[in-house]
Amino acid sequence: MIGVGDMVLLEPLSEDSFIANLKNRFEHNEIYTYIGSVVISMNPYRSLPIFTPEKVEEYRNRNFYELSPHIYALADEAYRSLRDQDKDQCILITGESGAGKTEASKLVMSYVAAVCGKGQEVNKVKEQLLQSNPVLEAFGNAKTVRNDNSSRFGKYMDIEFDFKGDPLGGVISNYLLEKSRVVKQPRGERNFHVFYQLLSGASDDTLKKLKLDRDFSKYNYLSLDSAAVNGLDDAANFRTVRNAMQIVGFMEDEVQSVLELVAAVLKLGNIEFKPDSRSNGGDESRIKDKNDLKEMCELLGIEQSVLERAFSYRTVEAKLEKVSTTLNVAQAQAKTRHKVMGVLDIYGFEIFEDNSFEQFIINYCNEKLQQIFIELTLREEQEEYIREGIEWTNIEYFNNAIICDLIENHQNGILAMLDEECLRPGTVTDETFLDKLNTICAEHQHFESRLSKNSKFLTDHSLPHSCFRIQHYAGKVLYRVEGFVDKNNDLLYRDLSQAMYKATQSLIKQLFPEGNPAKVNLKRPPTAGSQFKASVGTLMRNLQTKNPNYIRCIKPNDKKASHIFTESLVCHQVRYLGLMENVRVRRAGYAFRQAYEPCLERYKMLCKRTWPHWRGPAREGVEVLMADLQVPTDEFAYGRSKIFIRNPRTLFFLEERRRQCLQDLATLIQKIYRGWKCRTQFLLLKKSQIVVSAWYRRYAQQKKYQRIKSATTLVQSYTRGWQARKLLRQLKYQKRCEEAATTISAFWHGTQVRREYRKFFRANAGKKIYDFTIQRIMQKYFLGLKSNMPPMSPIDKNWPTRPYRFLDGTHKELRRIFHLWRCKKYRSQFTEEKKAVYEEKLEASELFKDKKALYPSSVNQPFKGDYLEISKNPKYQKLNSAVEEKVLLADVVNKINRANGKGTARIFLLTKKNVVLADSKTGQVKASVPLPDLASVSVSTQSDGFFALKLKEGSASAIKGDFLLSSEHLIEIITKLHRTGAKAADKEQINVDISDEFLVQFKQDKVCVKFIQGSPKNGNGASCKRKNNRLLEVSVPMTA
């Protein structure tokens, strides 16, 4: 081992030898050293091969002093004490900023996660506990001049375990995040990691959605002189953080909300205000460029006008009145019980060139941690020796309780005076706060100020007028009083809270619950100092309920470089951490102490007189136990209520003997249990053997009987078989004799018949051969026809050629039958609608084929029926409601005027019962003719579209006379009219007259309509012209 692993064993003990031992071990990469159970950790500023999985297994379930000093040994000791002795543990990691506290906490958590149980749920919990670190570091750590990954908040994690020692979950508490770093960073430092990680590692698509640019220089909140840090890959860390957030339990929409909020903070830093004057002479502020404000509002889902007003105005409430006042530029820019192991990783003691309220609070927290260390390791231990009556020589040490009292005293403490100054009416400034400190704390030996009554600091030029200095346990720290009052108030105007609560993004509403108008609280919120003081008090009470384990982190140099050991810096840390006093107390005291009752309960199995029950006082039982084990008397001492053991090796000896004894007891219990189990098994087997034997004997006799019976049956069967075969042979012989006689007789009769009919066979041979040949030809014909069948299309005219002329009639008949059959198959595929269409087309063919020149052009045009879409067109809504029946045909036709032969547009509607003519513009019904009143329809043989509807004489519709109409869909109209009229007139079809000259009844006069071929004057259509009172002449163009 390099140097001395435990400072308690260091000889001679002095400050120089202490530092020399640390240096010797540090230079040989031994960064851990013990002071009893306290671990001293030196930051190596580089990676060392001492944190591998093999090292974890090496220190697992090993005694604390059994191996060389390591942080794993302390973590294992704490975990086993929690698991085996049911004692809640806490691990306190203290030291300066940059001493390696965060890394030490991660090593402790990773070791505990590695050694505890396995399983799907357990592994999930362990992974969540470990992955919480990258998320917390991204949002709470930043680069400072002393540390590239400095924690700018305090973190205390309580890890809960079940009775087996498996983790169930964790509770993380944070303390005083350094919020001022978001808006301003000292030179050489940078903002929180998450801003740089987002801009470096997010995809282009993500940045576009967040309205961000990768260029750091475009954002006022990001310092450019230290944006890049050696050894930090922001892009890779961003991917790690995204993955860690998913493992911890963030949903994808929650991650997106967090990133939108981070982007909004960057946008907020770019908003600048300009001063302006109001009409009444007061000052107000205006936003210069509203583009960033607009994008910020889009990200958060806030109306731009609401947020702009909240930035520029604030509302003051007095009783029932509200007054809105403007903000000037400066104000606008300012704004089931489980086992528990606690791990405390909190910011270290800080001394910067410019120390403000944050450093004051951080150093106050470190004073409290130093105080609890002193109380538990120095003062409490010495007082316990005196209480228990142990002979003890008191060891002097510095108690920092006086410094804690200077800061936290309820009446004259600095925090109390700061709160009092913040709550005081009237003009309150940082200078008035400093004046109050100079008045009240002037005589305190740890407080220094040039303006105090103490005249010895009046000429101290290292102490500016606007500062005060406190002598902390770690050294003197100069605090600049500027900003103390504002940072302690930590006020957020209600207008901003209410504006944020109006956001549509759920995360913003959760962050600003005080903005809910229904829950307005006019009570002044507690100050930042009082909140932190209460949090520290709660933390101290929590730590005092657990068994403490200490890791004292030391920074070897200020350059953050490896292999450099600055003795003066290390010596300063050793002094203010009180490590020398800790060594002296450990050397003079006892390493382990325990009350008599739990000690006897734990080790009573080591002595026959105390096992299994001791009848008497617990102290006498412990004395009997120690005497029986022959432990040297100088290795322990008896107190009033506890036994004190000086050397840890004695404790290890007791634990080893207890472990062996437990193994022996376990072996004895196993032996007795196995004997009982074997006897029970034997008795069960014996009982079972009797039952099995009885059943087997019964089974054996049954099998024997079955064999005898089977043998008898076999002999009988053989005998019966022999008799049956003998009888069978006789019967067969008799049958063969009869068959032979019959065969001979048949052959003889056959010979006689053949001789008689030989002449008849020769005469009929030709007819037999002919019939056979014809039959074979017909068979071949049908088989060939089967393999060469034509397609199933009805219009296909192919048919196989006949092979022989005598089959001509059969061939034609089969062709006709096949055509009828495939036509039937084709028709069976039609739907009802398609059948109706074909029926209409067929009827049109019967009416007009070879009779009307217009017919061929209509064959390939489908009959649409409703050309006007009368039920859908809002123009004809009135007409559609007037017609009650279903419209079979709707088209625009021309009604011919007998006076001049010109046409007037009319809507022609055909229903199941009526023919309706309506005005094409207004939709008003002009005429409605029932189909039974329709006598006939007259058309020409030409290619025109004229037709006349002739009404029955004497009918009600015949008063106005017949109708002479013209349509482009003549064939369809006449066909549908012919089909519908037959149904409406009780199967009496409407006559269709096709002639180039016919009479039309116009009221009282009959007019002849005559069709001639000629060249029309207008266009290519037919034209009608009046010749006289009795003649209308229709000129139809000649077809090519």
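Every chain is numbered independently, its residues counted from 1 as its sequence is written. For this predicted model, a pLDDT threshold of at least 70 governs which residues receive local features, and a threshold of 80 or more governs which side-chain atom pairs are given and counted, while totals over whole chains, interfaces and linings are taken from all residues. In computing side-chain values, all of the structure's heavy atoms are included and hydrogens and water are not.

Considering the overall build of the protein chain
Here is step 1: A run of H or I in DSSP becomes a helix once it reaches four residues, and a run of E becomes a strand once it reaches two; helices and strands are each numbered from the N terminus. The helix and strand inventory of the protein chain stands at 31 helices and 31 strands.
Here is step 2: In terms of C-alpha radius of gyration, the protein chain reaches 57 Å, well past the compact-globule figure of 31 Å for 1040 residues.
Here is step 3: Put simply, the protein chain has 1040 residues, and 44% of those count as buried.
Here is step 4: Note on areas: these come from Shrake-Rupley sampling with a 1.4 Å probe, and a residue is covered only by the protein chains present in the view. For the protein chain, the accessible surface area stands at approximately 58,000 Å², while carbon and sulfur atoms represent 52% of it.
Here is step 5: Of note, the protein chain has its 161 positive side-chain charges centred 16 Å away from the centre of its 126 negative side-chain charges. Based on C-alpha atoms, the radius of gyration is set beside the globule rule, defined as 2.2 Å times the residue count to the power 0.38. We call a residue buried when its accessible area falls under 20% of the maximum for its residue type, exposed when it is over 50%, and partly exposed in between, using a 1.4 Å probe and counting protein chains only. A positive count includes Lys and Arg, and a negative count includes Asp and Glu. His and the chain ends are not counted in either. Throughout, a charge is located at the NZ atom of Lys, the CZ atom of Arg, the CG atom of Asp or the CD atom of Glu.

Here we look at unusual backbone geometry
Here is step 1: Along the chain, Trp 611 connects to Pro 612 via a cis peptide bond; the corresponding omega equals 0°.
Here is step 2: Of note, Pro 612 is situated in the loop between helix 23 (596-603) and helix 24 (618-629).
Here is step 3: Within the chain, Tyr 45 stands out as a residue other than glycine whose phi angle is a positive 55°.
Here is step 4: Its identity as a non-glycine residue notwithstanding, Lys 211 has a phi of 60°, on the positive side.
Here is step 5: Mapping Lys 211 onto the fold places it in the loop between helix 7 (204-210) and helix 8 (234-248).
Here is step 6: Classification of Lys 211 as partly exposed rests on a relative accessible area of 29%.

Here's the deal with the sheet that holds strand 25 (residues 946-951)
Here is step 1: Read across the open sheet, the 8 strands follow the order 23-22-21-20-26-25-24-27; overall the sheet is mixed. The sheet is open, and its two edges are formed by strand 23 (925-930) and strand 27 (991-994), each paired on a single side. Averaged over all neighbouring strand pairs, the angle between strand axes comes to 30°, with direction disregarded.
Here is step 2: Two strands are said to pair when DSSP picks up at least two bridges between them. Across 4 bridges, strand 25 lies against strand 26 (residues 963-966) in antiparallel orientation. Bridge pairing links Ala 948 to Leu 964 in strand 26. Orientation is described by axes fitted as lines to C-alpha atoms, over the contacting stretch for helices, and by angles from 0 to 180 degrees between their N-to-C directions.

Some thoughts on helix 10 (residues 291-300)
Here is step 1: Counting buried positions along helix 10 yields 7 of 10 residues, so the element is predominantly enclosed.
Here is step 2: One or two positions beyond helix 10, positive phi appears at Gly 301, with a value near 75°.

Considerations on a positive patch on the surface
Here is step 1: Only residues whose relative accessible area exceeds 30% and that take part in no salt bridge are eligible for patches, with like-charged residues grouped when within 9 Å of each other and nonpolar side chains (Val, Leu, Ile, Met, Phe, Trp, Tyr) grouped when within 5 Å. Any Lys or Arg side-chain nitrogen found within 4 Å of a carboxyl oxygen on Asp or Glu counts as a salt bridge. A contiguous patch of positive charge on the surface is contributed by Lys 824, Lys 825, Arg 827 and Lys 835.
Here is step 2: At 3 residues, the largest contribution of residues to the positive patch is made by helix 27 (residues 808-827).

Remarks on the confidence of the model for the protein chain
Low-confidence regions, as indicated by low pLDDT, have predicted coordinates that should not be scrutinised in detail.
Here is step 1: For the protein chain, the average pLDDT comes to 82, and 91% of its residues sit at 70 or higher.
Here is step 2: Averaged pLDDT values for the elements of the protein chain fall to 41 in strand 11 (residues 321-326) and rise to 92 in strand 2 (residues 38-42).
Here is step 3: Per-residue confidence from the prediction method is given by pLDDT, with values spanning 0 to 100. Working rule for contacts: check all heavy atoms of both residues, and any pair within 4.5 Å makes them a contact. Counting contacts from residues 316-335, a segment whose pLDDT is below 50, to residues more than four positions away or on other chains yields 46 contacts.

Here's the deal with empty space enclosed by the protein
Here is step 1: Quantified by volume, the largest cavity comes out at close to 60 Å³.
Here is step 2: Among the secondary structure elements, those contributing two or more residues to the lining of the largest cavity are helix 4 (101-115) and helix 5 (120-140).
Here is step 3: Amino acids are sorted into nonpolar (Ala, Val, Leu, Ile, Met, Phe, Trp, Tyr, Cys and Pro), charged (Asp, Glu, Lys and Arg) and polar (every other residue, Gly among them). Looking at the lining of the largest cavity residue by residue, the class counts come to 8 nonpolar, no polar and 1 charged. Space inside and on the surface of the protein is sampled on a 1 Å grid over the protein atoms alone, with a cavity defined as a set of points where a 1.4 Å probe fits but cannot get out and a pocket as an open set with protein on both sides within 12 Å along at least 5 of 7 lines; lining residues have an atom within 4 Å of a point. Grid points are joined across faces, edges and corners, and a volume is the space filled by probe spheres set on the points.

Regarding the packing of aromatic side chains
Here is step 1: Any pair of Phe, Tyr and Trp rings, taking the six-membered ring for Trp, is counted once the centres come within 6.5 Å. Such a pair is stacked with planes under 30 degrees apart, edge-to-face with planes over 60 apart, and tilted for the rest. According to the stated counting rule, one finds 24 aromatic pairs in the structure shown.
Here is step 2: Seen from their ring centres, Phe 26 and Phe 565 are 5.8 Å apart, and the 45° between their planes marks the pair as tilted. Considered together, Phe 26 and Phe 565 belong to a single accessibility category, that of buried residues.
Here is step 3: Consider the rings of Phe 360 and Phe 468, whose centres lie 6.4 Å apart with planes at 75°: the pair is edge-to-face. Of the two residues, Phe 360 sits in helix 13 (residues 357-387) while Phe 468 sits in strand 14 (residues 467-472), which places them 108 residues apart along the sequence. Note on accessibility: Phe 360 and Phe 468 belong to one class, buried.
Here is step 4: Ring pairing ties together the aromatic residues Phe 357, Phe 360, Phe 433, Phe 447, Phe 468, Tyr 479 and Phe 484, which thus form one cluster.
Here is step 5: Charges are assigned to positions over rings by a cutoff of 6 Å between ring centre and Lys NZ or Arg CZ, combined with an angular limit of 35 degrees from the ring normal. A cation over an aromatic ring shows up here: Arg 190 above the ring of Tyr 196, its NZ or CZ 4.1 Å from the ring centre.
Here is step 6: Lying across the ring of Phe 863, Lys 841 places its NZ or CZ 4.1 Å from the centre.

Some thoughts on the sheet that holds strand 14
Here is step 1: Strand order in this open sheet of 3 strands is 13-14-15, and the pairing throughout is antiparallel. Only two strands of the sheet have a single partner each, and these edge strands are strand 13 (447-448) and strand 15 (475-480).
Here is step 2: For strand 13 and strand 14, the ladder comprises 2 bridges, and the chain directions are antiparallel. Within strand 14, the position partnered with Glu 448 by the bridge is Arg 469.
Here is step 3: Contacting strand 13 and strand 14, helix 14 (residues 401-408) crosses the sheet at an angle of about 150° to strand 14.

Observations regarding the nonpolar core
Here is step 1: In these notes, a set of buried Ala, Val, Leu, Ile, Met, Phe, Trp, Tyr and Cys residues joined through side-chain atoms within 4.5 Å is what counts as a nonpolar core. Formed by 105 residues in total, the largest nonpolar core has its most connected members in Phe 18 and Leu 543.
Here is step 2: Examining the composition of this core, we find that 9 residues originate from one element, helix 13, more than from any other.
Here is step 3: Other than its neighbours up to four places away in sequence, Leu 543 contacts Cys 90, Leu 92, Tyr 156, Leu 344, Leu 369 and Ile 372.
Here is step 4: Residues Val 135, Leu 259, Ala 263 and Leu 299 belong to the second largest nonpolar core, which totals 31 residues.

A word on the environment of Arg 646
Here is step 1: Here Arg 646 is to be found in the loop between strand 19 (642-645) and helix 25 (648-763).
Here is step 2: Taking relative accessible area as the criterion, Arg 646 reaches 32% and is therefore assigned partly exposed.

Notes on the side chain of Asp 944
Here is step 1: Tracing the sequence through the fold places Asp 944 in the loop between strand 24 (934-939) and strand 25.
Here is step 2: Only 3.0 Å separates the side chain of Asp 944 from the backbone nitrogen of Phe 946, close enough to count as a polar contact.
Here is step 3: Contacts of Asp 944, omitting those with residues within four sequence positions, involve Lys 852, Leu 854, Leu 970, Phe 1011, Ala 1022 and Val 1036. Here a polar contact is recorded for every N or O atom pair within 3.5 Å, except that within protein the pair must consist of a potential hydrogen donor and a potential acceptor, and residues adjacent in sequence are included only if both atoms are side-chain atoms.

Digging into the environment of Tyr 838
Here is step 1: With respect to the element layout, Tyr 838 can be found in helix 28 (residues 832-848).
Here is step 2: The class of Tyr 838 is partly exposed, set by a relative accessible area of 40%.
Here is step 3: Taking the C-alpha atoms as reference, Tyr 838 lies 112 Å from Tyr 596; in sequence the two are 242 residues apart.
Here is step 4: The residues contacting Tyr 838, other than those within four sequence positions of it, are Tyr 826 and Phe 830.

Some remarks on the packing of helix 3 (residues 71-85) against helix 4
Here is step 1: Interaxial distance between helix 3 and helix 4 falls to 9 Å at its minimum, and their mutual angle equals 55°. Taken as axis vectors, helix 3 and helix 4 run oblique relative to one another. Note that helix 3 runs across helix 4; the crossing there is right-handed. Taking contact as the criterion, the partners of Ile 71, Tyr 72, Ala 75, Asp 76 and Tyr 79 in helix 3 are, on helix 4, Ala 104, Leu 107, Val 108, Tyr 111, Val 112 and Val 115.
Here is step 2: Considering only residue class, the contact of helix 3 with helix 4 consists of 10 nonpolar, no polar and 1 charged. Roughly parallel means an angle under 35 degrees; roughly antiparallel means over 145; roughly perpendicular covers 65 to 115; every other angle is labelled oblique. Throughout, a crossing is termed right-handed when the near helix is turned clockwise from the far one, and left-handed when it is turned anticlockwise from it by less than a right angle.

Describing the pattern of salt bridges
Here is step 1: Under the counting rule described, the total for this entry stands at 41 salt bridges.
Here is step 2: Arg 214 serves as the salt-bridge partner of Asp 204, at 2.9 Å between the closest nitrogen and oxygen. In this pair, Asp 204 is assigned in helix 7 and Arg 214 in the loop between helix 7 and helix 8, connecting sequence segments 10 residues apart.
Here is step 3: On the basis of relative accessibility, which here comes to 34%, the residue Arg 214 falls in the partly exposed class.
Here is step 4: One connected set of salt bridges, linked through shared partners, spans Asp 76, Glu 77 and Arg 80.

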